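Structure at a glance
Next come the chains, spelled out residue by residue.
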Amino acid sequence: TLNTHNFARPSLIRKIKVFRAVEQIFMADLSGPISAVREVQLGQILLSAIMYGGIHHPLWAEGLIAGLTEDLFQWGDMLWVDLWAAAKDYQSPEEKWFLQRNPAYYRRWIADPTTQLLLYRWLRDPASRGGGDRCQLATAYGAYVDHIDRTQGRTLPPLTELFATGNAWTVLTKPSYVAA
């Protein structure tokens, strides 16, 4: 039978107001000059991936930031990151194999168009990539929040609220199999 459950709950609809406010800030930032600070660029990529790409969990966001320096792949027009990069550190080959059984970690994220363009821009500038050094999730988002405050005088929501906001937009606008 067809599931006709309506996902448009008031709690999700209220989050769309926050989504639109963050989107307005983000679009204004994209229309300005490109920051030369690596952490700001990573924060911008992270925000785009949360808003449009389905990164709605801290484990996935950590894996995204970690995977950008070592597990970023492209085939044809498809660009993806293996999100288990952060989880496979300091593990034996056997433990890495068992990691495949944990769906919270073992995910492959395919970039949405906006985030993909930001990744291409980031990849073109070897200096911004930091020579392969990893950046922490809180550092990247914190640098981007500070950048927005400095350039626009506006404030972005905390990371946990941003995850919920991105998830609400995805649930309300995308097919259910994409929002999983």
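The preceding data block contains the structure.
All of these numbers come straight from a predicted model, not from anything done at the bench.

The next thing to look at is the pairing of strand β2 (residues 78–82). The side chains of a regular strand alternate, first on one face of the sheet and then on the other. In terms of burial, β2 is a largely internal element, four of the five residues being buried. Of the pairings in the sheet, the one linking strand β1 (residues 72–75) to β2 comprises four bridges and is antiparallel in character. By the bridge assignment for β2, W75 is matched with M78. Between the end of β1 and the start of β2, which pair antiparallel, lie two residues, with G76 showing a positive phi angle near 60°. The sheet contact formed by β2 and strand β3 (residues 108–110) spans three bridges and is antiparallel.

A separate point is the environment of L46. When you line up the elements, L46 lands in helix α2 (residues 38–52). By relative accessible area, L46 is classed as buried at 0%. Counting along the chain gives 98 residues from L46 to Y144, while the straight-line C-alpha distance between them is 9.3 Å. Not counting residues within four places of it along the chain, the set of residues in contact with L46 comprises A61, L64, I65, L137, Y141 and L159.

The rules behind these values
Residues numbered from 1 in each chain as written. Predicted model: local features only at pLDDT ≥ 70, side-chain atom pairs only at ≥ 80, totals over all residues. Heavy atoms only, no water. Buried < 20%, exposed > 50% of the residue type's maximum accessible area, 1.4 Å probe, protein only. Helix = DSSP H or I, 4+ residues; strand = E, 2+ residues; numbered from the N terminus. Pairing = 2+ DSSP bridges. Contact = heavy atoms within 4.5 Å.

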